[in-house]
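Now for the letters of each chain:
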Amino acid sequence: MTDFSEKLIISRVENGTGVLELNRPRALNSLNPEMIDVIDECLRAWADDDAVSQVIVYSNSPKGFCAGGDVRYARDAVQSGTPELADKFFADEYKMNGDLHHFSKPYIALIDGVAMGGGLGISVHGSHRVVSEKAFAAMPEMAIAYIPDVGVPFMLQRMVGGKGYASPALALFLVTTGWRLSPADMLWSGVATDFVSSENMESLRQAIIEKGIDAALSDYATEVAEESELAKWIDDIEATFVHGSWPQVLDAVKNHGNESFANMVYEHIAASSPSALVAATELMAVAAECSDIREELECERKLGEVIRIEPDFVEGVRAVLVDKARDASWNPPTVESVDPKKYRAIVRG
Ligand code: QUE
(Lines give C-alpha, C1' and ligand atoms only; values in the text may rest on other atoms or scores of the structure.)
Protein backbone atom coordinates (compact mmCIF):
# COMPACT_ATOMS: atom_id res chain seq x y z
CA MET A 1 0.00 0.00 0.00
CA THR A 2 1.45 3.33 -0.99
CA ASP A 3 0.24 6.26 1.01
CA PHE A 4 1.13 9.62 -0.52
CA SER A 5 1.66 11.13 2.90
CA GLU A 6 4.39 8.58 3.61
CA LYS A 7 6.70 9.92 0.94
CA LEU A 8 9.88 11.05 2.68
CA ILE A 9 10.07 14.09 0.41
CA ILE A 10 6.89 15.56 -0.99
CA SER A 11 7.68 17.35 -4.25
CA ARG A 12 5.39 19.54 -6.31
CA VAL A 13 5.34 22.58 -8.59
CA GLU A 14 3.31 25.45 -7.24
CA ASN A 15 2.89 28.64 -9.29
CA GLY A 16 6.20 28.15 -11.08
CA THR A 17 8.08 27.18 -7.92
CA GLY A 18 9.57 23.74 -7.45
CA VAL A 19 8.84 22.74 -3.86
CA LEU A 20 10.74 20.09 -1.86
CA GLU A 21 9.03 19.36 1.44
CA LEU A 22 11.14 17.21 3.77
CA ASN A 23 8.84 14.68 5.44
CA ARG A 24 10.87 12.29 7.59
CA PRO A 25 10.32 13.80 11.04
CA ARG A 26 11.13 10.63 13.00
CA ALA A 27 14.72 10.72 11.71
CA LEU A 28 14.96 14.52 11.82
CA ASN A 29 14.75 14.47 8.01
CA SER A 30 18.09 12.70 7.73
CA LEU A 31 18.61 11.89 4.05
CA ASN A 32 18.43 8.26 2.91
CA PRO A 33 18.97 6.86 -0.63
CA GLU A 34 15.31 7.32 -1.60
CA MET A 35 15.40 11.01 -0.59
CA ILE A 36 18.62 11.66 -2.51
CA ASP A 37 16.94 10.13 -5.59
CA VAL A 38 13.90 12.40 -5.26
CA ILE A 39 16.00 15.56 -4.91
CA ASP A 40 18.20 14.50 -7.81
CA GLU A 41 15.24 13.76 -10.11
CA CYS A 42 13.47 17.01 -9.20
CA LEU A 43 16.55 19.16 -9.79
CA ARG A 44 17.14 17.45 -13.11
CA ALA A 45 13.52 17.98 -14.24
CA TRP A 46 13.26 21.54 -12.95
CA ALA A 47 16.60 22.72 -14.35
CA ASP A 48 15.29 22.39 -17.91
CA ASP A 49 11.64 23.25 -17.28
CA ASP A 50 10.81 26.82 -18.29
CA ALA A 51 7.68 26.62 -16.16
CA VAL A 52 9.85 26.41 -13.04
CA SER A 53 11.62 29.65 -12.13
CA GLN A 54 12.85 28.84 -8.61
CA VAL A 55 13.05 26.06 -6.02
CA ILE A 56 12.39 26.05 -2.29
CA VAL A 57 13.24 23.36 0.26
CA TYR A 58 11.83 23.23 3.78
CA SER A 59 10.87 20.84 6.55
CA ASN A 60 7.23 20.27 7.46
CA SER A 61 8.28 19.36 11.00
CA PRO A 62 8.91 21.78 13.88
CA LYS A 63 11.69 19.42 15.00
CA GLY A 64 14.17 20.80 12.52
CA PHE A 65 15.36 21.19 8.95
CA CYS A 66 17.68 18.20 8.32
CA ALA A 67 20.06 16.35 10.67
CA GLY A 68 22.34 15.05 7.91
CA GLY A 69 22.88 11.92 5.92
CA ASP A 70 21.42 8.63 7.11
CA VAL A 71 24.62 7.44 8.78
CA ARG A 72 22.77 4.62 10.57
CA TYR A 73 22.07 3.18 7.11
CA ALA A 74 25.78 3.53 6.27
CA ARG A 75 26.83 1.86 9.52
CA ASP A 76 24.42 -1.04 8.91
CA ALA A 77 25.82 -1.48 5.40
CA VAL A 78 29.40 -1.61 6.67
CA GLN A 79 28.50 -3.97 9.53
CA SER A 80 26.62 -6.33 7.21
CA GLY A 81 29.65 -6.67 4.99
CA THR A 82 28.12 -4.60 2.17
CA PRO A 83 30.01 -1.31 2.39
CA GLU A 84 29.37 -0.85 -1.34
CA LEU A 85 25.77 0.09 -0.47
CA ALA A 86 27.09 2.99 1.60
CA ASP A 87 29.61 3.83 -1.13
CA LYS A 88 26.78 4.16 -3.66
CA PHE A 89 24.64 6.21 -1.27
CA PHE A 90 27.39 8.76 -0.58
CA ALA A 91 28.51 8.87 -4.24
CA ASP A 92 24.89 9.68 -5.21
CA GLU A 93 24.54 12.27 -2.45
CA TYR A 94 27.78 14.04 -3.39
CA LYS A 95 26.83 14.04 -7.08
CA MET A 96 23.53 15.68 -6.13
CA ASN A 97 25.43 18.30 -4.07
CA GLY A 98 27.56 19.13 -7.13
CA ASP A 99 24.48 19.38 -9.36
CA LEU A 100 22.84 21.68 -6.82
CA HIS A 101 25.96 23.84 -6.72
CA HIS A 102 25.67 24.34 -10.48
CA PHE A 103 21.87 24.71 -10.48
CA SER A 104 21.19 27.95 -12.32
CA LYS A 105 17.86 29.07 -10.83
CA PRO A 106 17.23 30.60 -7.39
CA TYR A 107 17.27 27.79 -4.80
CA ILE A 108 16.02 28.80 -1.39
CA ALA A 109 16.40 26.76 1.82
CA LEU A 110 14.11 27.75 4.70
CA ILE A 111 15.97 26.73 7.85
CA ASP A 112 13.75 26.92 10.92
CA GLY A 113 15.66 24.41 13.09
CA VAL A 114 18.70 22.14 13.01
CA ALA A 115 20.80 21.85 9.82
CA MET A 116 23.79 19.52 10.13
CA GLY A 117 26.08 17.82 7.62
CA GLY A 118 23.90 16.66 4.72
CA GLY A 119 21.31 19.29 5.73
CA LEU A 120 23.88 21.94 4.85
CA GLY A 121 24.57 20.00 1.65
CA ILE A 122 21.00 20.70 0.49
CA SER A 123 21.24 24.38 1.43
CA VAL A 124 24.67 26.03 1.17
CA HIS A 125 25.00 25.31 -2.55
CA GLY A 126 21.87 27.29 -3.34
CA SER A 127 21.42 31.02 -3.75
CA HIS A 128 19.52 31.68 -0.48
CA ARG A 129 19.65 30.23 3.07
CA VAL A 130 16.96 31.88 5.17
CA VAL A 131 17.28 31.22 8.91
CA SER A 132 15.05 31.92 11.89
CA GLU A 133 15.93 32.32 15.57
CA LYS A 134 15.29 28.55 15.91
CA ALA A 135 17.96 27.64 13.37
CA PHE A 136 21.36 26.25 14.16
CA ALA A 137 24.00 24.51 12.08
CA ALA A 138 26.97 22.25 12.67
CA MET A 139 29.40 19.88 11.01
CA PRO A 140 29.43 17.18 13.74
CA GLU A 141 31.20 14.40 11.84
CA MET A 142 34.27 14.19 14.09
CA ALA A 143 32.09 12.64 16.82
CA ILE A 144 31.10 9.76 14.53
CA ALA A 145 34.58 9.36 13.03
CA TYR A 146 33.51 10.54 9.60
CA ILE A 147 34.73 13.41 7.42
CA PRO A 148 33.23 16.82 6.71
CA ASP A 149 31.47 16.29 3.39
CA VAL A 150 28.61 17.25 0.98
CA GLY A 151 30.79 20.02 -0.48
CA VAL A 152 30.86 21.99 2.77
CA PRO A 153 34.69 21.80 2.97
CA PHE A 154 34.80 23.64 -0.38
CA MET A 155 32.06 26.14 0.45
CA LEU A 156 33.06 27.13 3.97
CA GLN A 157 36.53 28.22 2.87
CA ARG A 158 35.06 30.55 0.25
CA MET A 159 32.09 32.07 2.07
CA VAL A 160 32.21 35.80 2.80
CA GLY A 161 28.99 36.58 4.68
CA GLY A 162 28.72 39.40 7.20
CA LYS A 163 32.40 39.19 8.14
CA GLY A 164 33.35 40.49 4.70
CA TYR A 165 36.12 38.09 3.74
CA ALA A 166 36.73 34.37 3.21
CA SER A 167 38.44 32.51 6.06
CA PRO A 168 39.93 29.06 5.44
CA ALA A 169 41.03 29.04 9.11
CA LEU A 170 37.42 29.50 10.23
CA ALA A 171 36.40 26.68 7.89
CA LEU A 172 38.93 24.30 9.46
CA PHE A 173 37.82 25.39 12.94
CA LEU A 174 34.16 24.72 12.15
CA VAL A 175 34.62 21.24 10.70
CA THR A 176 37.04 20.01 13.37
CA THR A 177 35.33 21.43 16.47
CA GLY A 178 31.75 20.84 15.29
CA TRP A 179 30.97 24.34 16.64
CA ARG A 180 27.21 24.85 16.81
CA LEU A 181 26.51 27.98 14.77
CA SER A 182 23.73 30.22 16.05
CA PRO A 183 21.63 32.18 13.52
CA ALA A 184 23.95 35.16 14.11
CA ASP A 185 27.01 32.94 13.53
CA MET A 186 25.44 31.63 10.33
CA LEU A 187 24.84 35.13 8.94
CA TRP A 188 28.26 36.36 9.99
CA SER A 189 30.09 33.38 8.47
CA GLY A 190 28.00 33.26 5.28
CA VAL A 191 26.27 29.94 5.99
CA ALA A 192 23.00 31.93 6.03
CA THR A 193 22.06 34.77 3.71
CA ASP A 194 18.89 36.17 5.32
CA PHE A 195 17.02 36.21 8.63
CA VAL A 196 13.24 35.84 9.01
CA SER A 197 11.52 35.21 12.35
CA SER A 198 10.12 31.72 12.86
CA GLU A 199 6.55 33.03 13.13
CA ASN A 200 6.91 34.54 9.64
CA MET A 201 8.51 31.54 7.91
CA GLU A 202 5.24 30.16 6.57
CA SER A 203 4.14 33.56 5.30
CA LEU A 204 7.56 33.97 3.71
CA ARG A 205 7.18 30.63 1.94
CA GLN A 206 3.79 31.61 0.56
CA ALA A 207 5.11 35.03 -0.49
CA ILE A 208 8.09 33.45 -2.28
CA ILE A 209 5.67 31.29 -4.28
CA GLU A 210 3.34 34.22 -4.94
CA LYS A 211 5.79 36.95 -5.88
CA GLY A 212 9.36 35.63 -5.91
CA ILE A 213 12.23 35.61 -3.45
CA ASP A 214 13.28 39.27 -3.63
CA ALA A 215 9.81 40.72 -2.99
CA ALA A 216 9.15 38.12 -0.28
CA LEU A 217 12.37 38.94 1.54
CA SER A 218 11.68 42.65 1.40
CA ASP A 219 8.39 41.94 3.21
CA TYR A 220 9.72 39.63 5.92
CA ALA A 221 13.52 39.75 6.33
CA THR A 222 14.85 41.55 9.41
CA GLU A 223 18.15 41.87 11.22
CA VAL A 224 19.11 39.09 13.62
CA ALA A 225 18.87 40.28 17.24
CA GLU A 226 21.86 38.49 18.79
CA GLU A 227 25.56 39.02 18.21
CA SER A 228 27.75 36.27 16.79
CA GLU A 229 29.68 34.43 19.54
CA LEU A 230 31.80 32.84 16.84
CA ALA A 231 32.95 36.27 15.63
CA LYS A 232 34.51 36.91 19.06
CA TRP A 233 37.01 34.09 18.50
CA ILE A 234 38.03 34.98 14.95
CA ASP A 235 41.45 36.47 15.80
CA ASP A 236 42.35 33.38 17.83
CA ILE A 237 41.08 31.09 15.07
CA GLU A 238 42.99 32.97 12.35
CA ALA A 239 46.18 32.73 14.44
CA THR A 240 45.99 28.99 15.04
CA PHE A 241 43.87 27.00 12.54
CA VAL A 242 46.26 27.75 9.68
CA HIS A 243 48.76 24.94 9.91
CA GLY A 244 49.33 22.00 7.61
CA SER A 245 48.49 19.11 9.91
CA TRP A 246 46.18 18.53 12.86
CA PRO A 247 48.99 18.08 15.45
CA GLN A 248 50.43 21.42 14.28
CA VAL A 249 47.05 23.10 14.78
CA LEU A 250 46.84 21.65 18.29
CA ASP A 251 50.38 22.92 19.07
CA ALA A 252 49.44 26.36 17.81
CA VAL A 253 46.32 26.39 19.97
CA LYS A 254 48.37 25.34 23.01
CA ASN A 255 51.10 27.94 22.43
CA HIS A 256 48.84 30.78 21.36
CA GLY A 257 48.59 32.27 24.83
CA ASN A 258 44.81 32.44 25.21
CA GLU A 259 43.81 29.82 27.75
CA SER A 260 40.07 30.32 27.43
CA PHE A 261 40.34 29.81 23.66
CA ALA A 262 42.44 26.67 24.11
CA ASN A 263 40.00 25.27 26.66
CA MET A 264 37.06 26.00 24.39
CA VAL A 265 38.77 24.11 21.54
CA TYR A 266 39.69 21.17 23.81
CA GLU A 267 36.11 20.88 25.07
CA HIS A 268 34.79 20.85 21.52
CA ILE A 269 37.15 18.10 20.33
CA ALA A 270 36.98 15.97 23.49
CA ALA A 271 34.66 13.37 21.92
CA SER A 272 36.27 13.40 18.46
CA SER A 273 37.94 10.55 16.62
CA PRO A 274 41.70 11.24 16.26
CA SER A 275 41.67 9.62 12.80
CA ALA A 276 38.77 11.82 11.71
CA LEU A 277 40.52 15.00 12.90
CA VAL A 278 43.68 14.12 10.96
CA ALA A 279 41.72 13.09 7.84
CA ALA A 280 39.56 16.23 7.97
CA THR A 281 42.64 18.47 8.13
CA GLU A 282 44.13 16.77 5.08
CA LEU A 283 40.83 17.10 3.19
CA MET A 284 40.48 20.79 4.04
CA ALA A 285 43.98 21.51 2.73
CA VAL A 286 43.10 19.93 -0.61
CA ALA A 287 39.64 21.54 -0.69
CA ALA A 288 41.33 24.96 -0.54
CA GLU A 289 43.17 24.21 -3.77
CA CYS A 290 40.30 22.71 -5.80
CA SER A 291 39.02 24.93 -8.61
CA ASP A 292 35.64 23.22 -8.97
CA ILE A 293 33.46 21.70 -6.28
CA ARG A 294 33.14 18.43 -8.20
CA GLU A 295 36.89 17.95 -7.79
CA GLU A 296 36.53 18.43 -4.04
CA LEU A 297 33.48 16.15 -3.82
CA GLU A 298 35.53 13.44 -5.53
CA CYS A 299 38.15 13.75 -2.76
CA GLU A 300 35.37 13.34 -0.17
CA ARG A 301 34.04 10.29 -1.98
CA LYS A 302 37.42 8.56 -2.03
CA LEU A 303 38.30 9.48 1.55
CA GLY A 304 34.81 8.52 2.79
CA GLU A 305 35.10 5.03 1.31
CA VAL A 306 38.26 4.42 3.30
CA ILE A 307 37.26 6.02 6.59
CA ARG A 308 33.87 4.27 6.73
CA ILE A 309 35.52 0.84 6.85
CA GLU A 310 37.94 1.84 9.61
CA PRO A 311 36.79 0.69 13.08
CA ASP A 312 36.11 4.19 14.42
CA PHE A 313 33.15 4.84 12.08
CA VAL A 314 30.99 1.93 13.25
CA GLU A 315 32.01 2.72 16.84
CA GLY A 316 31.33 6.46 16.52
CA VAL A 317 27.85 6.05 15.01
CA ARG A 318 27.09 3.52 17.75
CA ALA A 319 28.23 5.90 20.51
CA VAL A 320 26.41 8.98 19.18
CA LEU A 321 23.29 7.71 17.38
CA VAL A 322 22.60 4.09 18.35
CA ASP A 323 23.39 4.00 22.07
CA LYS A 324 23.43 7.81 22.45
CA ALA A 325 26.08 7.32 25.15
CA ARG A 326 28.91 9.35 23.58
CA ASP A 327 31.32 6.76 25.02
CA ALA A 328 33.29 5.88 21.87
CA SER A 329 36.63 4.19 22.26
CA TRP A 330 38.93 5.23 19.41
CA ASN A 331 41.59 3.26 17.61
CA PRO A 332 44.20 4.69 17.17
CA PRO A 333 43.53 6.47 20.47
CA THR A 334 45.63 9.63 19.98
CA VAL A 335 46.27 12.06 17.12
CA GLU A 336 50.01 11.36 17.39
CA SER A 337 49.43 7.70 16.57
CA VAL A 338 47.44 8.46 13.39
CA ASP A 339 49.44 8.43 10.17
CA PRO A 340 48.38 11.44 8.05
CA LYS A 341 50.21 10.11 4.97
CA LYS A 342 47.53 7.49 4.39
CA TYR A 343 44.78 10.13 4.11
CA ARG A 344 47.00 12.58 2.26
CA ALA A 345 47.72 9.97 -0.42
CA ILE A 346 43.97 9.38 -0.91
CA VAL A 347 42.92 13.01 -1.27
CA ARG A 348 45.97 13.94 -3.36
CA GLY A 349 46.03 10.72 -5.39
C1 QUE B 1 27.31 13.37 13.00
C2 QUE B 1 26.51 13.16 11.90
C3 QUE B 1 25.13 12.97 12.06
C4 QUE B 1 24.60 13.00 13.34
C5 QUE B 1 25.41 13.23 14.44
C6 QUE B 1 26.75 13.40 14.26
C7 QUE B 1 24.25 12.70 10.95
C8 QUE B 1 22.87 12.46 11.24
C9 QUE B 1 22.41 12.51 12.56
C10 QUE B 1 21.06 12.24 12.98
C11 QUE B 1 20.52 12.90 14.07
C12 QUE B 1 19.24 12.63 14.50
C13 QUE B 1 18.49 11.66 13.89
C14 QUE B 1 19.04 10.97 12.82
C15 QUE B 1 20.31 11.25 12.38
O16 QUE B 1 23.27 12.81 13.56
O17 QUE B 1 24.69 12.68 9.78
O18 QUE B 1 18.34 10.00 12.23
O19 QUE B 1 17.22 11.37 14.30
O20 QUE B 1 22.03 12.17 10.23
O21 QUE B 1 27.57 13.61 15.33
O22 QUE B 1 27.05 13.13 10.67
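Residues numbered from 1 in each chain as written. Predicted model: local features only at pLDDT ≥ 70, side-chain atom pairs only at ≥ 80, totals over all residues. Heavy atoms only, no water.

The chain appears in an unreviewed UniProt entry as 3-hydroxyisobutyryl-CoA hydrolase from Corynebacterium felinum. According to UniProt, the comment filed for the chain under the heading Catalytic activity (unreviewed entry) is "3-hydroxy-2-methylpropanoyl-CoA + H2O = 3-hydroxy-2-methylpropanoate + CoA + H(+)". (UniProt positions renumbered as here; feature names shortened; annotations may be inferred.)

Visitor: For this particular structure, what's the right way to read the overall build of the chain?
Guide: If you tally the helices and strands in the chain, you get 16 helices and eight strands. Rg of the C-alpha trace for the chain: 20 Å, near the compact-globule value of 20 Å for 349 residues, within the 12% margin. Summarising its shape, the C-alpha atoms of the chain cover approximately 55 × 45 × 40 Å along the three principal directions. Burial analysis of the chain (349 residues in total) assigns 57% to the buried set. For the chain, restricting intrachain contacts to residue pairs at least 6 apart in sequence, the fraction spanning at least 24 positions comes to 73%. Here the chain displays about 14,500 Å² of accessible surface, and carbon together with sulfur accounts for 51% of that area. For the chain, the distance from the average site of its 31 positive side-chain charges to the average site of its 54 negative ones is 3 Å. (Helix = DSSP H or I, 4+ residues; strand = E, 2+ residues; numbered from the N terminus. Rg over C-alpha atoms; globule rule 2.2 N^0.38 Å. Buried < 20%, exposed > 50% of the residue type's maximum accessible area, 1.4 Å probe, protein only. Contact = heavy atoms within 4.5 Å. Areas by Shrake-Rupley, 256 points an atom, 1.4 Å probe, with all protein chains shown as cover. Lys, Arg positive; Asp, Glu negative; His and termini not counted. Charge placed at Lys NZ, Arg CZ, Asp CG, Glu CD.)

Visitor: It is not clear to me how the site of the ligand should be interpreted in this structure. Could you clarify?
Guide: Neighbouring the ligand are 15 residues, the closest being Ala67, Gly69, Arg72, Pro140 and Ile144. Between the ligand and Ala27, the relevant distance is 3.3 Å, taken from an oxygen atom to a main-chain nitrogen or oxygen of the residue. Within the backbone of Ala67, one N or O atom sits 3.4 Å away from an oxygen atom of the ligand. Protein coverage of the free-state accessible area of the ligand, which is 450 Å², stands at 88%. Taken atom by atom, the bulk of the ligand overlaps the largest pocket. Elements with a contribution of two residues or more to the shell around the ligand: helix 2 (71–79) and helix 15 (311–322). A per-class count over the shell around the ligand returns 10 nonpolar, three polar and two charged. (Near = heavy atom within 4 Å. Polar contact = N/O pair within 3.5 Å; in protein donor to acceptor, adjacent residues only side chain to side chain. 1 Å grid on protein atoms, 1.4 Å probe; cavity = no way out; pocket = protein on both sides within 12 Å on 5 of 7 lines; lining within 4 Å. Sits in = over half its atoms within 2 Å of the grid points. Nonpolar A, V, L, I, M, F, W, Y, C, P; charged D, E, K, R; others polar.)

Visitor: Is there a simple way to explain the pattern of salt bridges in this structure?
Guide: When the charged atoms of two side chains lie near each other, side chains of opposite charge can form a pair. Throughout the structure, instances matching the rule amount to 20 salt bridges. The partner of Glu305 in a salt bridge is Arg301, with the nearest N and O atoms 3.1 Å apart. Separated by four residues within a single helix, Glu305 and Arg301 lie in helix 14 (residues 293–308), roughly one turn from each other. Judged by its relative accessible area of 28%, Glu305 falls in the partly exposed class. Owing to a relative accessible area of 25%, Arg301 belongs among the partly exposed residues under this scheme. Here Lys341 makes a salt bridge to Asp339, at a shortest N to O gap of 3.7 Å. Among the charged side chains, a salt-bridge network with shared partners connects Asp40, Arg44, Lys95, Asp99 and Arg294. (Salt bridge = Lys/Arg side-chain N within 4 Å of Asp/Glu carboxyl O.)

Visitor: Mind showing me how you'd approach the nonpolar core here?
Guide: Most often, soluble globular proteins have nonpolar side chains that are buried together. Counting 99 residues, the largest nonpolar core has Ile122, Phe173 and Phe241 as its most contacted members. Setting aside its immediate chain neighbours within four residues, Ile122 contacts Leu22, Leu31, Ile39, Val57, Phe65, Cys66, Met96, Asn97, Leu100, Tyr107 and Ala109. Membership of the second largest hydrophobic core comes to 15 residues, among which are Ile108, Leu110, Val196 and Ile208. (Core = buried A, V, L, I, M, F, W, Y, C linked by side-chain atoms within 4.5 Å.)

Visitor: Sorry if this is basic, but what is going on with the UniProt feature "domain: Enoyl-CoA hydratase/isomerase" (unreviewed entry) in the chain here?
Guide: According to UniProt, the positions carrying the feature "domain: Enoyl-CoA hydratase/isomerase" (unreviewed entry) are residues 18–345. Between the end C-alpha atoms of residues 18–345 there is a gap of 41 Å, over a span that is 51% helix and 9% strand.

Visitor: Looking at this structure, I do not really get the layout of surface pockets. What am I missing?
Guide: Empty space among the atoms can be located by rolling a probe the size of a water molecule over them. Its boundaries defined by the atoms lining it, the largest pocket holds a volume of some 750 Å³. Where the lining of the largest pocket is concerned, the elements lending two or more residues are helix 2, helix 3 (83–101), strand 7 (136–138), helix 6 (168–177) and helix 15. For the lining of the largest pocket, a count of residues per class yields 19 nonpolar, 10 polar and nine charged. By volume, the second largest pocket is sized at about 280 Å³. Every residue lining the second largest pocket is counted, 14 residues in all, and those nearest its centre are Tyr58, Ser59, Ser61, Asp112 and Met201. If you list the elements that add at least two residues to the lining of the second largest pocket, you get strand 3 (54–59) and helix 8 (201–211). Classifying every residue of the lining of the second largest pocket gives five nonpolar, five polar and four charged. (Points joined across faces, edges and corners; volume = space filled by probe spheres on them.)

Visitor: Would you take a moment to explain the sheet that holds strand 6 (residues 128–131) for this structure?
Guide: Note on sheets: strands pair through backbone hydrogen bonds, and any given pair is parallel or antiparallel. Taking strand neighbours across the sheet as the criterion, the six strands line up as 1-2-3-4-6-8 in an open arrangement whose pairing is mixed. A strand with exactly one partner marks an edge of an open sheet, and here the two such strands are strand 1 (9–14) and strand 8 (194–195). Relative to strand 6, strand 4 (residues 107–111) is paired through four bridges, and the arrangement is parallel. Bridge pairing in strand 6 links Ala109 to Arg129. The strands that helix 1 (residues 33–47) touches are strand 1, strand 2 (17–22), strand 3 and strand 4; relative to strand 1, the one it contacts most, it runs at about 15°. (Pairing = 2+ DSSP bridges. Axes fitted to C-alpha atoms, helices over the stretch in contact; angles between N-to-C directions.)

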